[in-house]
Amino acid sequence: MKNITVIGAGTMGNGIAHVFAQNGFRVSLVDISENALQKALSSIERNLERLLAKEKIRPETMKSTLQNISTFTEIAKGVAEADLVVEAASENLDLKKKIFSQIDELAPANAILATNTSSISITEIASVTHRPDMVIGMHFMNPVPIMKLIEVIRGYSTSDEVTNKIMTLSKTLGKVPVEVNDYPGFVANRILMPMINEAIYSLYEGVAGVYEIDTVMKLGMAHPMGPLQLADFIGLDICLSILKVLFDGFGNPKYAPCPLLVNMVAAGKLGIKSGEGFYDYAESKKAEKISSQFV
């Protein structure tokens with residue numbers, strides 16, 4: 001595989017494009033918004049500059065990485081020569097089905113179709129294609145250029161050949177792939193989200209404050225970031241969406257989202273992306289810049 005198409009130029013999409021391009025792949029980054037594409041390129045360039053300043057890459061690597069990325073606002077052009085398409089759009093089943101239906105029709109017949117979903121059924125996404133055996137999950141961790149793990153998720157029909165190819169490909173990116181099966185939340189979010197939800201319940205029920213809850217988990221459990229701070233980093237809307245997938249998928253009340261989380265999302269308090277969540281990220285109150293911990 002030499003030609004990689006990434007659908008979606010948001011945080012995850014530009015990170016995935018960055019990693020493939022830095023490892024010598026030709027990358028087509030696709031988004032309906034030209035502005036989003038330009039912001040993505042700027043973000044990739046800034047991240048490369050940080051790596052260069054820390055002497056983790058050479059100047060020629062930065063140059064070649066940027067040269068390896070082309071941008072498109074039309075899916076048809078972006079997937080025309082793809083060996084692998086990685087969808088990194090919003091965590092919304094209907095949107096993902098629409099995209100997969102399109103790329104199934106437009107991408108070469110031998111192209112593998114992957115989704116970066118963190119919780120949605122690979123099998124259900126694959127059901128709208130004519131190649132379910134070639135549909136697979138590649139759940140990268142945020143921030144993509146730094147985090148080593150990729151959850152490689154097999155749908156019901158995903159072939160051994162496709163799984164093996166994606167496992168091998170992931171290793172060429174310097175990542176550690178872990179093969180898992182297609183159940184709600186897979187492994188990472190099936191374990192992580194109930195912990196975050198329980199931390200929110202602890203706040204909701206007055207057990208302790210935000211700082212106290214996060215401090216207990218950081219110092220007592222050796223977590224690099226407290227669960228409430230991590231929820232802000234992930235996005236409270238995304239946390240809520242994943243918990244709903246878990247609750248709907250298993251029908252178990254232990255996955256029911258905390259009412260406080262529901263209310264915060266309804267109020268637009270989404271974490272870092274909105275400037276306020278469990279912490280306040282207004283310029284005047286930025287005591288901690290979470291993203292700096294990862295670069």
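Preceding block: the structure.
Residues numbered from 1 in each chain as written. Predicted model: local features only at pLDDT ≥ 70, side-chain atom pairs only at ≥ 80, totals over all residues. Heavy atoms only, no water.

J.: Before we go on, may I ask you to explain the pairing of strand 6 (residues 135–140) in this structure?
T.: Two faces belong to every sheet, and in a regular strand the side chains alternate between them. With 6 of its 6 residues buried, strand 6 lies for the most part within the structure. Alternating positions in strand 6 separate into two faces, Val135, Gly137 and His139 on one and Ile136, Met138 and Phe140 on the other, with burial throughout. Direction of pairing for strand 5 (residues 112–115) relative to strand 6: parallel, over a ladder of 3 bridges. The residue bridging Leu113 from the neighbouring strand is Val135, located in strand 6. The pairing of strand 6 with strand 7 (residues 149–154) spans 5 bridges and is antiparallel. In the strand pairing of strand 7, His139 is matched with Glu151. (Buried < 20%, exposed > 50% of the residue type's maximum accessible area, 1.4 Å probe, protein only. Helix = DSSP H or I, 4+ residues; strand = E, 2+ residues; numbered from the N terminus. Pairing = 2+ DSSP bridges.)

J.: Honestly, the nonpolar core in this entry has me stumped. Any pointers?
T.: In globular proteins that are soluble, nonpolar side chains generally tend to be buried together. Counting residues in hydrophobic clusters, the biggest one holds 37 residues, and the most contacted among them are Phe20, Leu84, Phe140 and Ile166. Ignoring anything within four residues of it in the chain, the contact list for Ile166 reads Met1, Leu84, Ile112, Ile136, Met138 and Val152. Judged by nonpolar contacts, the second largest core, of 26 residues, contains Ile213, Leu243, Leu261 and Met264. (Core = buried A, V, L, I, M, F, W, Y, C linked by side-chain atoms within 4.5 Å. Contact = heavy atoms within 4.5 Å.)

J.: Got a minute to help me understand the side chain of Thr129 in this structure?
T.: Position of Thr129 relative to the elements: it lies in the loop between helix 6 (122–126) and strand 6. A polar atom in the side chain of Thr129 sits 2.8 Å from the backbone oxygen of Ala126. Of note is the side chain of Thr129, whose polar atom sits 3.2 Å from the backbone nitrogen of Arg131. (Polar contact = N/O pair within 3.5 Å; in protein donor to acceptor, adjacent residues only side chain to side chain.)

J.: How do you make sense of the packing of aromatic side chains when you look at a structure like this?
T.: Describing an aromatic ring pair means giving the distance of the ring centres and the angle of the ring planes. What the rule picks out here adds up to 4 aromatic pairs. Judged by centre distance (6.4 Å) and plane angle (65 degrees), the ring pair of Phe20 and Phe140 falls under edge-to-face. Taken together, the residues span a long stretch of sequence, with Phe20 in helix 1 (residues 11–22) and Phe140 in strand 6 at a distance of 120 residues. Taking the relative accessible area as the measure of exposure, Phe20 reaches 0% and is therefore buried. Judged by relative accessible area, which is 1%, Phe140 ranks as buried. (Phe/Tyr/Trp six-rings, centres within 6.5 Å; stacked < 30°, edge-to-face > 60°.)

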